[in-house]
Amino acid sequence: YISQWGSGATGEVKIINLNNNTVSGTINTGNGAEGMVKTTNHVYVSCSGGYVNDSVITVINTNSDAVVTNINVGPNPQSIKMDATGKLWVVCGGQWNATYTTLTQPGRLVRIDTSTNMVDLSLPFSSLSSQPSHLVVNAAGTKLYYLYNGGICMQNTSSSSLTSSPMVNRSFYSLGLDPATDILFAADAVDFVSNGKIIRYTAIGTILDSIATGIIPGNFCFR
């Protein structure tokens, strides 16, 4: 499955046949299909809104390639991760006003019970000028990390309230976590013209080192 925005005002998931590397089908989703998580028989697709807005996680049955339901989680869901108990966590970015000067709906951190496909926890953020983003989870599935309000925040999956202050007070462009070591990789795009860098942190926010990169370091892949 490959998620795509479509026109930016639609969303869909393409089905790829890996035997011949062709597109064998299309599944319509909410607007701006983006992040995905697969459980045993379902794929959960966060619909981040594309160039418009949306508020759903589209659930696809992988046996039939049919949409089971759309779960309303809040404005413009982005990153989606699974914890140790099999529940899904979603960071919703919130919704900007027409001039992109303030959020008319703040971001939120949402938990989904995959046994019922219902939201069982929804935690709104307070800022109307900062969007949470780049949710990652540690290897044990017990701690969440995300970027918000000029810092890296850490959240225990057992907590029912938002963390009160960032673990690291520094703005970053993106965030990754090495599942083999639980080391955080925080990307600094600097001025978006010069070469960037990656700063590595321990799971409790202690700085380890920095690594020079090319311009605008973005996503991470670990193997």
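See the structure shown above.
Residues numbered from 1 in each chain as written. Predicted model: local features only at pLDDT ≥ 70, side-chain atom pairs only at ≥ 80, totals over all residues. Heavy atoms only, no water.

## Let's talk about the overall build of the chain
Point 1. The helix and strand inventory of the chain stands at zero helices and 20 strands.
Point 2. Its C-alpha radius of gyration of 17 Å places the chain within 12% of the 17 Å reference for a compact globule of 223 residues.
Point 3. Projected onto the principal axes, the alpha-carbon positions of the chain cover approximately 45 × 40 × 40 Å.
Point 4. Buried positions account for 44% of the 223 residues belonging to the chain.
Point 5. Counting only contacts in the chain whose residues sit at least 6 apart along the sequence, the fraction spanning at least 24 positions is 35%. (Helix = DSSP H or I, 4+ residues; strand = E, 2+ residues; numbered from the N terminus. Rg over C-alpha atoms; globule rule 2.2 N^0.38 Å. Buried < 20%, exposed > 50% of the residue type's maximum accessible area, 1.4 Å probe, protein only. Contact = heavy atoms within 4.5 Å.)

## Quick look at the pairing of strand 3 (residues 22-28)
Each regular strand displays side chains that alternate between the two surfaces of the sheet.
Point 1. In this sheet, strand 3 lies alongside strand 2 (residues 12-17) in antiparallel orientation, the contact comprising six bridges. Looking at the pairing, glutamate 12 lines up with asparagine 28 of strand 3.
Point 2. Between strand 2 and strand 3, which pair antiparallel one after the other, the connecting turn spans four residues, and asparagine 21 there sits at a positive phi close to 55 degrees. (Pairing = 2+ DSSP bridges.)

## Examining the packing of aromatic side chains
Note on aromatic pairs: each is described by the distance of the centres and the angle between the planes.
Point 1. What the rule picks out here adds up to eight aromatic pairs.
Point 2. For the pair tryptophan 5 and tyrosine 51, a centre-to-centre distance of 5.1 Å together with 90 degrees between the ring planes defines the contact as edge-to-face. Separated by 46 residues along the polypeptide, tryptophan 5 in the loop between strand 1 (2-4) and strand 2 and tyrosine 51 in the loop between strand 5 (42-47) and strand 6 (56-61) bring together distant segments of the chain.
Point 3. Chaining the aromatic ring pairs together yields one cluster made of Phe125, Tyr146 and Tyr148. (Phe/Tyr/Trp six-rings, centres within 6.5 Å; stacked < 30°, edge-to-face > 60°.)

## Topic: the environment of valine 90
Point 1. Considering the arrangement of structural elements, one finds valine 90 in strand 9 (residues 88-92).
Point 2. When its relative accessible area of 0% is taken as the criterion, valine 90 is described as buried.
Point 3. The residues touching valine 90, leaving out its near neighbours within four places in the chain, are Ile57, Pro77, Gln78, Ser79, Ile80, Arg108, Leu109, Val110, Ile112 and Leu135.

## Description of the layout of surface pockets
Point 1. Of the pockets and cavities examined, the largest pocket occupies roughly 1,200 Å³.
Point 2. Along the walls of the largest pocket sit 45 residues, with Glu34, Gln78, Ser79, Ser133 and His134 positioned nearest its centre.
Point 3. Elements with a minimum of two residues in the lining of the largest pocket: strand 4 (33-38), strand 8 (77-82), strand 10 (95-96), strand 14 (133-137) and strand 17 (174-178).
Point 4. The dominant element in the lining of the largest pocket, judged by the number of residues it contributes, is strand 14, at five residues. (1 Å grid on protein atoms, 1.4 Å probe; cavity = no way out; pocket = protein on both sides within 12 Å on 5 of 7 lines; lining within 4 Å. Points joined across faces, edges and corners; volume = space filled by probe spheres on them.)

## Observations regarding the sheet that holds strand 6
Point 1. A sheet is described by the order of its strands in space; here four strands give the open sequence 4-5-6-7, paired in antiparallel fashion. Strands with a single pairing partner mark the edges of an open sheet, and in this sheet they are strand 4 and strand 7 (66-72). Looking at each pair of strands side by side, their axes are set apart by 25 degrees on average, direction ignored.
Point 2. Inspection of the sheet shows strand 5 paired to strand 6 by five bridges, in the antiparallel sense. Among the inter-strand pairings, valine 45 is bridged to a residue of strand 6, identified as threonine 58. (Axes fitted to C-alpha atoms, helices over the stretch in contact; angles between N-to-C directions.)

## Side note on unusual backbone geometry
Point 1. For aspartate 65, which is not glycine, the phi dihedral falls at a positive 60 degrees.
Point 2. Positionally, aspartate 65 belongs in the loop between strand 6 and strand 7.
Point 3. Given the relative accessible area of 31%, aspartate 65 is considered partly exposed.
Point 4. Residue histidine 134 is not a glycine yet carries a positive backbone phi of 55 degrees.

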